[in-house]
Amino acid sequence: MNDAGDRIIAGSYYANSQKGYAKTYEWDGSSWNQVGAKLEGTSSSDYFGFSVAMSNSGNRVAVGARYDDDAVNNYSNCGSVSMYDWNGGSWSQVGSQINGPSSNYYFGSSIALNGAGDRLVIGSYNSNRTYCYSFNGSSWSQMGSYLSGSTYFGWSVDMNDAGDVIAVSEPYYNSQRGYVRTYTWSGSSWSQFGSGHTSTLGENYSDYTGYGDGYSGRAISLNAAGDRIAIGGIYN
């Protein structure tokens, strides 16, 4: 959803033989109307629309396809994320699609944009990694090194408005107790902060902190400033 609350994006990743698509809608005061054509995956079983994100203005969106393949590098199920801008009449891709670095990464299982839409965090839980990117006006480039964990790290991600604070969940940590780590950007690298520079740990075993629903991929939420966070524990 955008900042004004009058534009939303929704993914339907199981449609068309799991090719998937995403649609954007706008509220005119009495009803929701589709904004432009739907955005679609390219192949069956891409799961395009598994994750979606929108900038504050609602004019930039990001869509994840966690089972997308990279034919150039012969990677299967590496996953991908594509970004689009609204020009008033149609959606056009912003920069190149970002692909997962190797097979079975499920890159794009969770995504979040900052307020301006020029920074992006991407969860790749099957590789236990999370990546951040910034847009320079023509292309997306990685911000620092990837962040890593051990047990489905990157299941859920979020980013504050400025794009200099991110949160990443690892719901299977410590016998499914789960935890969420927060990081801040120094200008050249990400450093962990909060809870004694360790994590926000679930209260009990099998809480699945930061897990949410098995197919939602979203159970954490940062406020605009990045100094408050809400965390779900599905079995707490």
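Residues numbered from 1 in each chain as written. Predicted model: local features only at pLDDT ≥ 70, side-chain atom pairs only at ≥ 80, totals over all residues. Heavy atoms only, no water.

Draft legend 1. Examining the overall build of the protein more closely. Secondary structure summary: the protein contains three helices and 21 strands in total. Restricting to contacts in the protein with at least 6 residues of sequence separation, those with at least 24 account for 50%. (Helix = DSSP H or I, 4+ residues; strand = E, 2+ residues; numbered from the N terminus. Contact = heavy atoms within 4.5 Å.)

Draft legend 2. View of the packing of aromatic side chains. One pass over the structure, following the stated rule, counts 20 aromatic pairs. Relative to tryptophan 155, the ring of tyrosine 125 has its centre 4.5 Å away and its plane inclined at 50 degrees; by these criteria the two rings are tilted. You can see tyrosine 125 sitting in the loop between strand E11 (119–124) and strand E12 (129–135) and its partner tryptophan 155 sitting in the loop between strand E14 (147–148) and strand E15 (157–159), a full 30 residues away along the chain. According to the relative accessible area criterion, tryptophan 155 is buried, its value standing at 7%. With 5.6 Å between their ring centres and 45 degrees between their planes, tyrosine 131 and tyrosine 146 make a pair best called tilted. Taken together, the residues tyrosine 131 in strand E12 and tyrosine 146 in the loop between strand E13 (140–142) and E14 connect sequence positions 15 residues apart. Three or more aromatic residues joined by ring pairs form one cluster here, namely Tyr13, Tyr14, Tyr47, Phe50, Tyr67, Tyr106, Tyr125, Tyr152, Trp155 and Tyr172. One cation-aromatic arrangement involves lysine 38 over tyrosine 21; the distance from NZ or CZ to the ring centre is 4.5 Å. (Phe/Tyr/Trp six-rings, centres within 6.5 Å; stacked < 30°, edge-to-face > 60°. Buried < 20%, exposed > 50% of the residue type's maximum accessible area, 1.4 Å probe, protein only. Lys NZ or Arg CZ within 6 Å of the ring centre and 35° of its normal.)

Draft legend 3. Spatial organisation of the pattern of salt bridges. The final tally for this structure, using the stated rule, is three salt bridges. The partner of arginine 7 in a salt bridge is glutamate 26, and the shortest N-O contact between them spans 2.6 Å. Within this pair, whereas arginine 7 is found in strand E1 (residues 7–12), its partner glutamate 26 is found in strand E2 (residues 21–27), the two being separated by 19 residues in sequence. For the salt bridge of arginine 181 with glutamate 170, the shortest nitrogen-to-oxygen distance reads 3.4 Å. Of this pair, arginine 181 sits in strand E17 (residues 179–185) while glutamate 170 is found in strand E16 (residues 165–170), placing the two residues 11 residues apart along the sequence. On the basis of relative accessible area, glutamate 170 is assigned to the buried category, the value being 0%. (Salt bridge = Lys/Arg side-chain N within 4 Å of Asp/Glu carboxyl O.)

Draft legend 4. Broad picture of the side chain of arginine 66. Counting through the fold element by element, arginine 66 comes out in the loop between strand E6 (60–65) and strand E7 (80–86). Here the side chain of arginine 66 touches tyrosine 67 through a polar contact of 2.9 Å, side chain to side chain. Within the structure, arginine 66 has its side chain in polar contact with the side chain of tyrosine 125 (distance 2.9 Å). Residues within four places of arginine 66 in sequence aside, it is in contact with Asp46, Tyr47, Phe50, Asn77, Cys78, Gly79, Tyr106, Phe107, Gly108, Ser109 and Tyr125. (Polar contact = N/O pair within 3.5 Å; in protein donor to acceptor, adjacent residues only side chain to side chain.)

Draft legend 5. Focus on the side chain of serine 82. Checked against the element boundaries, serine 82 lands in strand E7. A relative accessible area of 3% means that serine 82 is categorised as buried. Among the polar contacts listed, one links the side chain of serine 82 to the side chain of glutamine 97, at a separation of 3.4 Å. Other than its neighbours up to four places away in sequence, serine 82 contacts Val61, Ala62, Val63, Gln93 and Gln97.

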